[in-house]
Amino acid sequence: MIYLDYAATTPVDQRVLDAMLPYFRENFGNPSSVHRLGQKAETAVESAREKVAAILHCRADEIVFTSCGSESDNLALRGAAMMERITSSRKWILTSKAEHHAVSKTAVQLEKEYGFLLEWLDLDEHGAVTVESLSKAVCNDTFLASVMYANNEIGTINPIAELAKIAKANNILLHTDAVQAAAYLDVNVEKLGVDLMSLGGHKFYGPKGVGALYVRKGTKLLPHMTGGGQEFGLRAGTQNVPYIVGFAEALRLAAEERDSRTAHVRPLRDHIIGQVLESIPDSKLTGHPENRLPNHASFVFKDVDGNLLLQMLDSAGFACSSGSACKTGNPEPSEVITSLGYDRDWALGSLRITLGVDSSPEHVDEFLKSLPALVEKARGLNRK
Ligand SMILES: *Cc1c(COP(=O)(O)O)cnc(C)c1O
């Protein structure tokens, strides 16, 4: 099997696993315990926090460990909204239809069930939120905007630092979902200027089930998990010590090896984009042609059932992904692809190829050799 789905998840780096293992058995203490075993666990969590803070260029007490990227998104949006409800009367939340569901569905729930007002930010043709789009949408009653750093489906990178300036000038919080971005982009919050930033471990060779939320000092969130007061009272529950240790080590390695990892995947990615567009009729690149994640290629093929294509690729030995959330039966194109303006006959045929440390030129060549015939076959079946 050739794995071309690193945006969905990555394998745990051996060095990360080695760092985690002692915290399952030898150093199994509860970080809240007073005795030495507890203190050892607490030290592990606190040094992980400092490691993360060093990469984000923030204070250690601005890092809240969570159970995943989705929880970080939820804590950011829900926490900010519920606090706003207590302290102020502002009601508007701004986000976009290109967001991960952890953001967009949370925003929709805040609107439907909790009385907040939601405005969808305009996207440009590449699925980016522009400075104009945010400036136009902000009003006196806006308190929060949530715009992802890089898009998981189409790879487009948003101008977060510029958006943060607009947010600051208008006295609103800016949250960014950097879950996909952290593997390849600079996550320095001083430079980005955001108030809240979500991270998830398994997108950069850390374990699944652990994440972090950066919360700028002075940003008030209502905790969505109450209990023992862990994580500065923002996220109760005994910390997942080995996973937090693994998260921090994986993020450190991602930052340290960012240039070499990028140099490894970018030419392979460019080769895929060039070859697919050349060899497959009625194919288009989705997302931004240049300003996109260096490991990310995404396409739409006209008159192709994207899910069928994925199954055919799987049978041929390739693990890829599509943008559409459909299984079988009543296929619905992905909202992200639809919001770029593609008609249904294009939008249903999406394909995402994402590369990583184990991707090789041989893998890419094999894939490129197999894909055109599979797309043609899927098209033929689509016409029946
Ligand atoms: C994967 C992903 C998430 C969810 O992270 P989990 O750790 O799987 O909950 C959120 N946002 C983006 C952009 C992602 O790619």
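### A few points about the packing of aromatic side chains
Thinking step 1. Inspection of every chain in the model, using the stated rule, returns 8 aromatic pairs.
Thinking step 2. Ring geometry for Tyr3 versus Tyr6: centroids 5.0 Å apart, planes at 75°, classification edge-to-face.
Thinking step 3. Ring centres of Phe299 and Phe301 lie 6.1 Å apart, and the angle between their planes is 15°; this geometry places the pair in the stacked category.
Thinking step 4. Through a chain of ring-to-ring contacts, three or more aromatic side chains come together here, namely Tyr3, Tyr6 and Tyr205.
Thinking step 5. A cation over an aromatic ring shows up here: Lys284 above the ring of Trp346, its NZ or CZ 4.4 Å from the ring centre.

### Looking at the nonpolar core
Thinking step 1. Ranked by size, the top nonpolar core spans 87 residues in total, and within it Leu56, Met197, Phe301, Leu351, Phe367 and Leu371 carry the most contacts.
Thinking step 2. If you count residues domain by domain, this core takes at least three from each of domain 1 (2-8 + 258-383) and domain 2 (14-256).
Thinking step 3. Sequence-distant contacts of Met197, that is, excluding residues within four places in its chain, are made with Leu56, His175, Thr176, Ala178, Val187, Val189, Leu192, Ala212, Leu213 and Tyr214.
Thinking step 4. In this structure, Met82, Leu110, Leu196 and Val215 belong to the second largest nonpolar core, which totals 20 residues.

### Notes on the domain arrangement of the protein chain
Thinking step 1. Partitioning the protein chain into structural domains gives domain 1 (2-8 + 258-383) and domain 2 (14-256).
Thinking step 2. Distance from the C-alpha centre of domain 1 to the C-alpha centre of domain 2: 28 Å.
Thinking step 3. In this complex, domain 1 contributes 29 residues to the contact, which on the side of domain 2 involves 32 residues.
Thinking step 4. Roughly 2500 Å² is buried in total at the junction of domain 1 and domain 2, and carbon and sulfur atoms are behind 53% of that figure.
Thinking step 5. Contact with domain 2 buries area across many residues of domain 1, yet Arg258, Arg261 and Leu293 alone supply 33% of it, more than any other trio.
Thinking step 6. At the surface where domain 1 touches domain 2, the tally comes to 0 salt bridges.
Thinking step 7. At the boundary of domain 1 with domain 2, the tally comes to 15 residue pairs in polar contact (both at pLDDT 80 or more).
Thinking step 8. Every element with two or more residues in the side of domain 1 that touches domain 2 is listed here: α9 (258-279), β10 (296-301) and α11 (335-339).
Thinking step 9. Across the side of domain 1 that touches domain 2, the residue classes break down as 12 nonpolar, 12 polar and 5 charged.

### Overview of the site of the ligand
Thinking step 1. In the vicinity of the ligand, the contacting residues are Cys68, Gly69, Ser70, Asp73, His100, Met148, Asn152, Asp177, Val179, Gln180, His202 and Lys203.
Thinking step 2. Note that an oxygen atom of the ligand is positioned 2.8 Å from one of the backbone N or O atoms of Gly69.
Thinking step 3. The side chain of Gln180 places a nitrogen or oxygen atom 2.6 Å from an oxygen atom of the ligand.
Thinking step 4. Relative to its unbound accessible surface of 380 Å², the ligand loses 89% to contact with the protein.
Thinking step 5. Top contributing element to the shell around the ligand by residue count: helix α3 (residues 69-87), with 3 residues.
Thinking step 6. A breakdown of the residues in the shell around the ligand according to their chemical character gives 3 nonpolar, 6 polar and 3 charged.

Reading guide: rules and limits
- Residues numbered from 1 in each chain as written.
- Predicted model: local features only at pLDDT ≥ 70, side-chain atom pairs only at ≥ 80, totals over all residues.
- Heavy atoms only, no water.
- Phe/Tyr/Trp six-rings, centres within 6.5 Å; stacked < 30°, edge-to-face > 60°.
- Lys NZ or Arg CZ within 6 Å of the ring centre and 35° of its normal.
- Core = buried A, V, L, I, M, F, W, Y, C linked by side-chain atoms within 4.5 Å.
- Buried < 20%, exposed > 50% of the residue type's maximum accessible area, 1.4 Å probe, protein only.
- Domains from an automatic or database assignment.
- Contact = heavy atoms within 4.5 Å.
- Buried area = accessible area lost by both parts, 1.4 Å probe.
- Salt bridge = Lys/Arg side-chain N within 4 Å of Asp/Glu carboxyl O.
- Polar contact = N/O pair within 3.5 Å; in protein donor to acceptor, adjacent residues only side chain to side chain.
- Helix = DSSP H or I, 4+ residues; strand = E, 2+ residues; numbered from the N terminus.
- Nonpolar A, V, L, I, M, F, W, Y, C, P; charged D, E, K, R; others polar.
- Near = heavy atom within 4 Å.
- Areas by Shrake-Rupley, 256 points an atom, 1.4 Å probe, with all protein chains shown as cover.

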